[in-house]
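Each chain, letter by letter, is given below.
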Amino acid sequence: MASQTGLHIKPQLLVGPVTALEFIEDVLISGEGPYLSVYSVERTTSILTEDVLSPCNIHGFRKGWSTSSLICVFGQKSVRILHLVKDHARYRIKCLTDICEFEDWIWDVAWVCVKKGDQDSVLSLALGHNVVLLWDWQRDSVLQRVTCEEKCILYCAKFVGQSWDDLVLAAGTVFNQVIIWSMNGQKDVQGQQVVLQRLSGHQGVIFSICFDPRTKRLCSVSDDRSIKLWQLTCTLNKTDNKMSDSAGYDMDEGDITLEDWSNMEYTLINTLYGHSARVWDVGLLEHFIVSVGEDSTCVLWSYEGKVIQKFKGHKGKSIWSLAVNESQNLLVTGGGDCSIRAWPITTTLTGASEVTEKKLALPVQTGSSITHADDFPRSVALLGDLVMLVMTNNGVLYKYEMLSSNWEVLMADTRYRSYSVLATSLCKRFIAVGNIHGDIKVFYLNDDALCVNQIEKSVYQGKVMNVLWLTDPGTDQCTKLLTSGSEGNVILWNVTTNADNICDLVKYANVSLPYCKQRWVSAAQYLHEEDILVCGDRGGTVHVYDCSHNGEASSPLQSFPKIHGKTGVTCICYHDNYVYTSGRDGQYRQYVFVDGKLELMNSNKVFKGLEWIDQLLFTSDGNMLILGFHTSYFVLWSVTHNQRLFQVDCGGGHRAWDFNLNQNIARFAYIKSGGIVACEGVVQLEQPILKPSIHGREMTRVVHLSTIKGAKCGDVHICATSSEDTTVNLVSFSHSSDGVCGLKVQNRLQGHISSVRALAGTHSNYTPTSDVTRVLFSAGGRAQIKCWRVNVFSQIANTQNPTVPLHDVDNKMVSTEKGSSSVMKSDTVLLDTKSGYRDIINSEVLTKDKHNTLPDCIPIVDCAVHMSLGETEQTRTQCNHTLSKAFLLSKSETRNFDDESTNTDSGVPTCTFEHLGSHMLGKSGKKCYKPWKKFQYNPNPETRYMDLTALTASMLDATMPTDLHFVAAACSDSYVRLFCFNEKTRTFNILGQSAFHCHCVLCVGHKIISNKCHNSVLIYSAGTDGKIAFWDVTQIMRHHVCAVILQREENKNVFHSSGDSKNGSACKRTHHMNNSNLDLPVPENMHNVDGSVPSISDCDKSHKCVNMELNVPTGQSVINQAGSRTANSTAKQSSTDHSDLKVEGIDMGDPTAVFHAHQSGVNAVSLKHIKDDWFILASGGDDNALHMTFLQMAAPEDKDGLLEVTVTGTAVNTSAHAAQITGVHVLDAKHLLTVSIDQRLNIWQLEDDCTQITLMESKFVNVADVADMDVWSSGENKYEVAICGVGLQVLSITL
């Protein structure tokens, strides 16, 4: 359809599965949808992106024989010939043909030679029904069409040969066979080619075939998860060629003729199993076999069938493509998570299973009262790369030199017999040993690891439970030693040394652990600037102590009871102004100091099955490493690469062990069966990532948060996306003239236990330090809703950078230090000598109000379903923000926020996030006495949140608090629920609910309507019953705000009346919590009729929405629900029983108005204010219909301010799309957008008589299974449209 005058649709960005990869000289080309992208492998950057095959998806590339820059691009039924031109250092694509479409699906393409010297003029095409075409691409002419006698549908095909005369096709059929046939072989009576060979053995359809002409091996992969390797041997004896033995003759590469194929024998030499799901593709290398599959795993095999290594960097499901460079030392994979990852391979690659082990025995002591016969190792520690310390049961401390295999006794003391604890400092200068008598002994070492001084102190009456060396964050200097006694007595010591290498211990602080069953410190971190000690006990609790005072043992300022379960805190470290803790509950958590208090921000799991996290390490190149135990294996896991780097089968974590990583050499020592085992292996810390991942599964929602104008890279759009993979991503992107769009995943928000299906957000003024602050709500399966605070910083100064908490892209960490790290654990007690942050690599570090922003005092706010949170935010001219300590690096630090994205730009806005709270419908009201238990509530697994809409109380009235947010939820159990989230107290409250729909509610939205007396809030919902309902919830919201304000006033009065009483400190804390600029007096428009201020009891009374009379034109399919209350009540009783759920809130009753718009489910609704009290309501559903309703909404004074809704007309297009409509948005009074599963974005125009909808333009979108659409304005008559599903696409529309 031709575009209307002035109407322009331009695709700006596509992020989708990577379906094709190919190396072209020193660059890599990829196919993502119809887009061909060029990447520099050396710089891991995107060079060029261009649409070459629209609307088809690219499935493969074939290089020309004479020049590799001649490329055939094919996908679906289309083919195009391109030339990749390199002008100096720049690349450009020259299209030699138009897009040529053929009769059937194209499985493979090959350049063939018809006559000698003419190699790149003719192509052979293998089609979906076992047909081969010979195509002259220069003349766009089919020279020959060849059919096979086997006419079944193919699932894959592979051409073998270069000459048309000897060309054969190996095809994978739907009947689980590989058939081989020639284009010029024997024909049957119908003139069709006879099958030469049939290879059977698979139990599923064949997905890919690969042939190596050098070794004459054929490999096939299947739906049955197997890989079969076949050896081809020719039985034909040739007298004028190479003579064969009894088994046949050897053939040179490319010397397989049609006669050879006719006399070929096939031997199955190996069947490989290693994938946990279907195998999609395979490649044969000189030394390895490589395969990729639906389990997102790339497996490297030997030809003997042994798994060499498994690469598991991709997320979610399916790796769709692979490519290997010409030298076969680099493997590249493209996944369904939209990422492209490179994996270095060498002929000596052995994988994690080839770790070298060396067993050590204690030396025999001569001339000593301590004999070796009854002695055994108790603790082990690595002192750098080449020195090991071993503490024995008889109280002997050995130093072992790994190079010389020399043992040296550092200490032999019977007082340390039978029980001891051992700790080494990160700087490798100090060793501390504690015993059962309460003594500690400290050794000071020089640069050569020789002991130059030692001291001993008697610290406790009972035994020393643990000793920990604490390092100042940002340095390698160890200045503090922590000792823990049996009665919870913890002492912090200052460690001093003088010029004569004499060290001393001076007591710095004394703290007391609260009572618990296992009352000793297992991990700690000292913060020098704050003079704060953060420690974790063996009972799983994290405590915070103020060390600024001396004297008696102090109690904790804060405690996080059982936050890591009841099995103990294993690690506490400090990195980039954030505190991190880990434990044996399989989670690591992030905290930040706010106003002197530690606040929990996020919790994360590494991977399923890793329930014992022991240590967190941060590298200088931005990698976060996890040390833990998975079943009986010690595991080193890279969070950034999502890859297991190192593993040792040590028997589990209940033993003494230590780990050291220097550059790429990993060393692990442990004690097993009374012996010492030292392990060593090479770790691949760096992995080139050409394109970062987005989501591992289909996207379900996209919401625009803000647009930063005037950024260095142009306008930058900030969006939130949700997915079936249970995560929410904060992404930013911008447009550029060369087609390379700077998409970047700023953060990954984790914590949902099921798929995330709904997103909504509101504005927040809680953090004034950022340029834009949003409160984001996410919800989905298991009736779980979460709230996050998102801060957007428009610019990053070189010396003041807002930190990205916890995750950059793919959980990437950024470090500002250097060094190496070691870890130690003891089997006697839980012992952790890693007390501080330490870098590993010695290298320097480089310097749903869902529509438009609500300006002050604007009476009407468009709040259509799934619309953006904000218009645009002007860039602040000043970039020296007065940021709090939680969001700033030290002024002396300089760094770039480098991540997996292709470009690093200090002008790109960044985001930070904080988890504020969560709510589940099945949450129990009973007090939990065992908080370490994972399941504290019994959520209803059948209830899902399908959609959300949100607004702040200040949008209803400018005098109301800005920290109260109202959220309406569409639920699968037929309920529409209304929540209030208090941003200050971080709590959810259910205000009301209604089960009017009696069916699954699919979508919900809201509208703020300006009246003469006050603003009103209208919530509208739609479900699978085809009905759209409206609720006036103004009174419910106002009374809740009134109650909150009055409660805050009472809290203030309590504080002022307390004076300097004994509870003054508690009152002071209460005052600090409530005294803020968010506390406001009760607005006048919320006073009672007599002018008095309502009391809390008045505000707590139940309120019921009053049903309005709906004025309906004659003949319209609109139902007034005022007269159907009895029938609706009966229907409610027959609905799902929710008696097991403790749900608070009043009954919202029947809706204000309702009408039947669709025959089945309503997937999307958009409500747009036109002028005065006139509105347009557009909806799309499963019936493929677009329904428009024209409404008049007002709140007459004689109706006590209650809304009155009148339908003035309708317009319907019953066949707006070929499939169900999933997104609708009204742009203005004349135009609207719809998007559908049929992958069409339609622009409609409303005629002047408002009775007909005319299609203006239809644009194909490259996102399959379209789930959602969001639209925001980018200028006058300019809009940005984001569409998500299997991928994400952004288009610009100009009217």
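Up top you'll find the structure we're talking about.
Residues numbered from 1 in each chain as written. Predicted model: local features only at pLDDT ≥ 70, side-chain atom pairs only at ≥ 80, totals over all residues. Heavy atoms only, no water.

(A) The pairing of strand E5 (residues 45-51), seen in detail. With five of its seven residues buried, E5 lies for the most part within the structure. Two strands pair when backbone bridges link them, and strand E4 (residues 35-40) and E5 are joined in this way by six bridges, in the antiparallel orientation. Bridge assignment links Tyr-39 to a residue of E5, and that residue is Ser-46. Once E4 ends, the chain turns through four residues before running back antiparallel as E5, passing Thr-44 with a positive phi of about 50 degrees. (Buried < 20%, exposed > 50% of the residue type's maximum accessible area, 1.4 Å probe, protein only. Helix = DSSP H or I, 4+ residues; strand = E, 2+ residues; numbered from the N terminus. Pairing = 2+ DSSP bridges.)

(B) Layout of the pattern of salt bridges. For the structure on display, the rule yields 30 salt bridges. Between Arg-198 and Glu-150 there is a salt bridge, with its nearest N and O atoms 2.8 Å apart. With a gap of 48 residues between them, Arg-198 in strand E18 (residues 195-199) and Glu-150 in the loop between strand E14 (141-147) and strand E15 (154-160) connect regions that are remote in the sequence. For Arg-198, a relative accessible area of 39% translates into the label partly exposed. Looking at Glu-150, the relative accessible area reads 17%, which means it is buried. With a closest N to O distance of 3.1 Å, Arg-789 and Glu-914 form a salt bridge. Across the pair, exposure class does not vary: Arg-789 and Glu-914 are buried alike. Ionic contacts of the salt-bridge type, sharing partners, join the residues Glu-599, Arg-789, Glu-914, Glu-983 and Arg-986 into one network. (Salt bridge = Lys/Arg side-chain N within 4 Å of Asp/Glu carboxyl O.)

(C) Molecular detail of the packing of aromatic side chains. All told, the structure shown has 35 aromatic pairs when counted by the stated rule. Ring geometry for Phe-777 versus Phe-981: centroids 5.8 Å apart, planes at 85 degrees, classification edge-to-face. Phe-777 gets classed as buried once you look at its relative accessible area, which sits at 0%. Residues Phe-777 and Phe-988 carry aromatic rings whose centres are separated by 6.2 Å and whose planes lie at 70 degrees to one another, so their mutual orientation is edge-to-face. Neither residue differs from the other here; Phe-777 and Phe-988 are each classed as buried. Three or more aromatic residues link up through ring pairs in this structure, and these residues are Trp-612, Phe-629, Phe-634, Phe-646, Trp-657, Phe-659, Phe-668 and Tyr-670. When the ring centre of Tyr-419 is taken as reference, the NZ or CZ atom of Lys-463 above it lies at 4.9 Å. Taking NZ or CZ as reference, Lys-480 lies 4.8 Å from the ring centre of Tyr-508, over its face. (Phe/Tyr/Trp six-rings, centres within 6.5 Å; stacked < 30°, edge-to-face > 60°. Lys NZ or Arg CZ within 6 Å of the ring centre and 35° of its normal.)

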